[in-house]
Amino acid sequence: MEHPENDTQYIGLTVNQGVPQPPITNPYMTRRKRKPLPSAAEMVEGILKGDVTMLSRAVTLVESLSPDHQKLAQEVIEKCLPHSGNSKRIGITGVPGAGKSTSIDVFGLHVLKQGGKLAVLAIDPSSERTRGSILGDKTRMEKLSTHPGAFIRPSPSAGSLGGVARKTRETIILCEAAGYNNIFVETVGVGQSETAVHSMVDFFLLIQLAGTGDELQGIKRGIMEMADGIVINKADGDNIDRARLAQAQFKSALRLFPPTASGWSPEVLTYSGYFELGIPEVWDMIDRYFDFVMANGYFERRRREQARFWMYETIEEQLRNHFFQNPEIASMLAAKEEAVLANRLSSFIAARDVLERYFGKDSTEG
């Protein structure tokens, strides 16, 4: 393209043409063909052999939103189901900064020293604005991430804790089929995700800090009632006395709660994840819990209740997806929303009209 500065009216001024701009992409680069997805039978065979690569690909399918991927993932899960259920499922939660990832690192190494394999499934919070996640939990588990017996998989919450929880539960099945007999599920933090994670684990561990003011402030009663064990982290150095005080306060608070369904009395312990102090004692508590619930039959009863719970959760999720993915309903929702915002229609009447159209349409088709 000619530069206007080279016109004859601009005497003494010349602008060179310059060099041709190189292409944005490397012209010598050859595109690698994407490998075709293995069949369900091939995936299951690899998972049962403990192939980490095949396990990772199966988990990616579970997390995919593609209908084809979901269909293949469900087929893999169904074939892996008979080989699952043989692990200790432990949920780990706590306030942000309580040291969950550091604690999982040292807890995991302690478990692996006793033999067996460990899978860590971490639900990573996503940005409400960009829907992106850092997925950096693996970097905070320095020792565990390099251990051959550990499998660490962070999953983005993407604004839908229910959906992630369902996928996490399906991932548990795949990990158990791959031979991982210890499963850690790390939650986003104290909030709504705890209820979902509690419904898929056998033991729920609450990590708390001492020396942060009122130790019971900010911990909802519902979270404490779900906990099978409470541990006070960073009980080292000058913080030991504060940790013991917090331990006494939590013990007193737990006495006010009604008895647990399992009959187990939750214990409160102190430890230091950074200095690796008190780790065997925490795991001894967890072992005692499993011995207790195995003996009184609560373990199997709770597993059955969880399976029933997730059946109904899956039904609700599928119904919700079918409703919102219906093109006619989506168009009607936009019109009703506009009417509600303009105060021409109440929220309840708008919802009733949309639901009547949805169920009426389905009944005529069926």
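What counts and what doesn't
Residues numbered from 1 in each chain as written. Predicted model: local features only at pLDDT ≥ 70, side-chain atom pairs only at ≥ 80, totals over all residues. Heavy atoms only, no water. Buried < 20%, exposed > 50% of the residue type's maximum accessible area, 1.4 Å probe, protein only. Helix = DSSP H or I, 4+ residues; strand = E, 2+ residues; numbered from the N terminus. Pairing = 2+ DSSP bridges. Axes fitted to C-alpha atoms, helices over the stretch in contact; angles between N-to-C directions. Parallel < 35°, antiparallel > 145°, perpendicular 65-115°, else oblique. Left-handed = near helix turned anticlockwise from the far one by under 90°. Contact = heavy atoms within 4.5 Å. Nonpolar A, V, L, I, M, F, W, Y, C, P; charged D, E, K, R; others polar. Expected span 1.5 Å × (residues − 1). Arc of directions from axis to C-beta. Polar contact = N/O pair within 3.5 Å; in protein donor to acceptor, adjacent residues only side chain to side chain. Salt bridge = Lys/Arg side-chain N within 4 Å of Asp/Glu carboxyl O.

Undergrad: For the pairing of strand S5 (residues 203–209), give the residues involved together with the corresponding values.
TA: Across the seven residues that make up S5, a large majority, seven, are buried. Side chains of S5 alternate between two faces, with Phe-203, Leu-205, Ile-207 and Leu-209 and Phe-204, Leu-206 and Gln-208 buried alike. Where strand S1 (residues 88–94) and S5 come together, five bridges link them in parallel fashion. Bridging from a neighbouring strand, Gly-91 pairs with Phe-204 of S5. Sheet topology places S5 next to strand S6 (residues 229–233); five bridges connect them, and they run parallel. Considered in S6, the bridge of Gln-208 is made with Ile-232.

Undergrad: How would you explain the packing of helix H4 (residues 100–113) against helix H10 (residues 279–296) if you had to name every residue and give the values?
TA: For the pair H4 and H10, interaxial distance at closest approach is 10 Å and the crossing angle is 70 degrees. Regarding the angle of H4 to H10, the classification is roughly perpendicular. Of the two possible hands of crossing, H4 and H10 adopt the one that is right-handed. Taking contact as the criterion, the partners of Val-106, Phe-107, His-110 and Val-111 in H4 are, on H10, Ile-279, Pro-280, Val-282 and Trp-283. Of the residues belonging to the contact of H4 with H10, the class tally is seven nonpolar, one polar and no charged.

Undergrad: Describe helix H12 (residues 327–341), listing the residues and the values that go with them.
TA: With 15 residues, H12 should cover 21 Å at 1.5 Å per step; its first-to-last C-alpha distance of 21 Å lies within 8% of that length. For H12, the complete set of buried residues consists of Ile-329, Met-332, Lys-336 and Ala-339. Angularly, the buried residues of H12 cover 85 degrees about the axis, an arc narrow enough to put them on a single face. Away from the buried face of H12 by more than 90 degrees, exposed residues Pro-327, Glu-338 and Leu-341 are located. For H12, the side-chain oxygen to backbone nitrogen distance between the N-cap and Glu-328 is 3.0 Å, and the N-cap itself is Asn-326. At the exit of H12 stands Asn-343, carrying a positive phi of roughly 60 degrees.

Undergrad: Give me the side chain of Arg-153: which residues, what numbers.
TA: You can see Arg-153 is positioned in strand S3 (residues 150–156). When sequence neighbours within four positions are dropped, the list of residues in contact with Arg-153 reads Ser-56, Val-59, Thr-60, Glu-63, Val-120, Leu-121 and Ala-122.

Undergrad: Quick rundown of the pattern of salt bridges? Include the residues and the values.
TA: Considering all chains together, one arrives at eleven salt bridges under this definition. Note that Arg-153 and Glu-63 form a salt bridge whose closest N and O atoms lie 3.3 Å from each other. Here Arg-153, found in strand S3, pairs with Glu-63, found in helix H2 (residues 52–63); they are 90 residues apart in sequence, far enough to count as distant. The exposure class of Glu-63 is partly exposed, given its relative accessible area of 21%. The shortest N-O distance in the salt bridge between Glu-328 and Arg-357 comes to 2.9 Å. One end of the pair, Glu-328, is in helix H12; the other, Arg-357, is in helix H13 (residues 347–365), with 29 residues separating them in the sequence. Residues joined by salt bridges that share partners form a network here, namely Lys-336, Arg-352 and Asp-353.

Undergrad: Outline the side chain of Arg-303, supporting the account with residue identities and numerical values.
TA: Along the chain, Arg-303 turns up in helix H11 (residues 298–324). Setting aside residues up to four positions removed in sequence, Arg-303 forms contacts with Gly-85, Ser-87, Arg-89 and Asp-202.

Undergrad: Tell me about helix H3 (residues 67–80), and name the residues and values.
TA: The first and last C-alpha atoms of H3 sit 20 Å apart over 14 residues, in line with the 20 Å expected at 1.5 Å per residue. Among the residues of H3, Gln-70, Leu-72, Ala-73, Val-76, Ile-77 and Cys-80 are the ones counted as buried. For H3, the arc enclosing every buried residue in end-on projection is 165 degrees, short of the 170-degree limit, so these residues lie on one face. Exposed residues pointing more than 90 degrees away from the buried face of H3 are listed as Pro-67, Asp-68, Lys-71 and Glu-78.

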